Amino acid sequence: MGYIIYNNKLDSTVTTVATVSSGSITDDTSTDKLTTRALADKYEYSKTGLGSLTLTMTLGATITKNSLSIMGRNNTGLTLQSITLYNGASNQGLTTPDPITKSRFVDGVYISDEHYIFGSYYTFNKIVILYSDVDGSDGFFQKILCGTAYDINFSPNGLNYAPADTSKKDYSNGRQAYVNSGITYNNLKAISTPMKHQQAWNSGGVSVNDINLNSRTDQPLILIPSDSSNISVYGTQKNLATLTPVAKKDGSDWYWKATFNIEEEL
């Protein structure tokens, strides 16, 4: 199974606090950086003798979503214990879901991107993420995103990666390509396997058409071609996804292939 996670809603209205059960933690950079778009703009911390680390994110408004993506946690000494969603004081779900895991090369460091896909939609205005600390070393988180996960299948021969050098582009701090020789990012062309008409065009539901309406070419999304391989891309659409009819079913229902062109953000 593949996924696209879109319509991410965590933004500057979120208040984020990092706390520990014992020992101490120092915010080397602001926890607000967890909700900016730039992966290069990360929350860094120093810690001593922790028993656990808790990230508490209070949202400015109540939202309904089905996925939470924890991007770029570099400290393998942290072990996820739980993710709890609250709507006011009401617990909307305590879970330690199996992650869709991916390692990727960024600025000379291997990091792990963890995408937690909830099985159903939750309505909440606070997220509490609890980690146990097992080695005491310092670390960072790059991003936490919350959006809608859309199930969509891709075949390996439908993926075309075109690496690019960031020295050829400068999006400043709004979008995430930086001028830095030797760092590359990907332009990905991804073609889905055939899907039903409703999956392609279901306006107001969850479909390729809704991804276009919500993410457009300026909002971040995550493409995970397969949950069984270490491949994913975080970025924006270079242009809107296109839909191509490939067959008819029962004389009335079209099948469609979707083509996404995604530019990776760093």
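About the criteria used
Residues numbered from 1 in each chain as written. Predicted model: local features only at pLDDT ≥ 70, side-chain atom pairs only at ≥ 80, totals over all residues. Heavy atoms only, no water. Helix = DSSP H or I, 4+ residues; strand = E, 2+ residues; numbered from the N terminus. Buried < 20%, exposed > 50% of the residue type's maximum accessible area, 1.4 Å probe, protein only. Contact = heavy atoms within 4.5 Å. Areas by Shrake-Rupley, 256 points an atom, 1.4 Å probe, with all protein chains shown as cover. pLDDT = per-residue confidence, 0-100. Salt bridge = Lys/Arg side-chain N within 4 Å of Asp/Glu carboxyl O.

J.: Before we move on, could you go through the overall build of the protein and cite the residues and values that matter?
T.: The number of helices and strands found in the protein is two helices and 17 strands. By residue count, 48% of the 266 residues in the protein fall in the buried class. Taking the contacts inside the protein whose residues are at least 6 apart along the sequence as the reference set, 74% of them involve residues at least 24 apart. Just so you have it, the protein exposes about 11,700 Å², and 47% of that area is on carbon and sulfur atoms.

J.: Quick rundown of the confidence of the model for the protein? Include the residues and the values.
T.: In the predicted model, the protein carries a mean pLDDT of 83, and 88% of its residues have values of at least 70. Across the protein, the element-wise mean pLDDT spans from 66 in strand 8 (residues 99–106) up to 94 in helix 2 (residues 208–215).

J.: I'd love a proper account of the pattern of salt bridges, names of residues and values included.
T.: Going through the model one piece at a time under the given rule, you end up with three salt bridges. Close ionic contact of Asp-133 with Lys-47 constitutes a salt bridge, the shortest N to O distance being 2.4 Å. With Asp-133 in strand 9 (residues 109–133) and Lys-47 in strand 4 (residues 43–48), this residue pair connects regions lying 86 residues apart in the sequence. This pair shows no difference in class: Asp-133 is buried, exactly as Lys-47 is. Asp-218 is the partner of Arg-216 in a salt bridge, and the nearest nitrogen-oxygen pair spans 3.3 Å. Residue Arg-216 is classed as partly exposed on the basis of its relative accessible area of 37%. Classification of Asp-218 as partly exposed rests on a relative accessible area of 33%.

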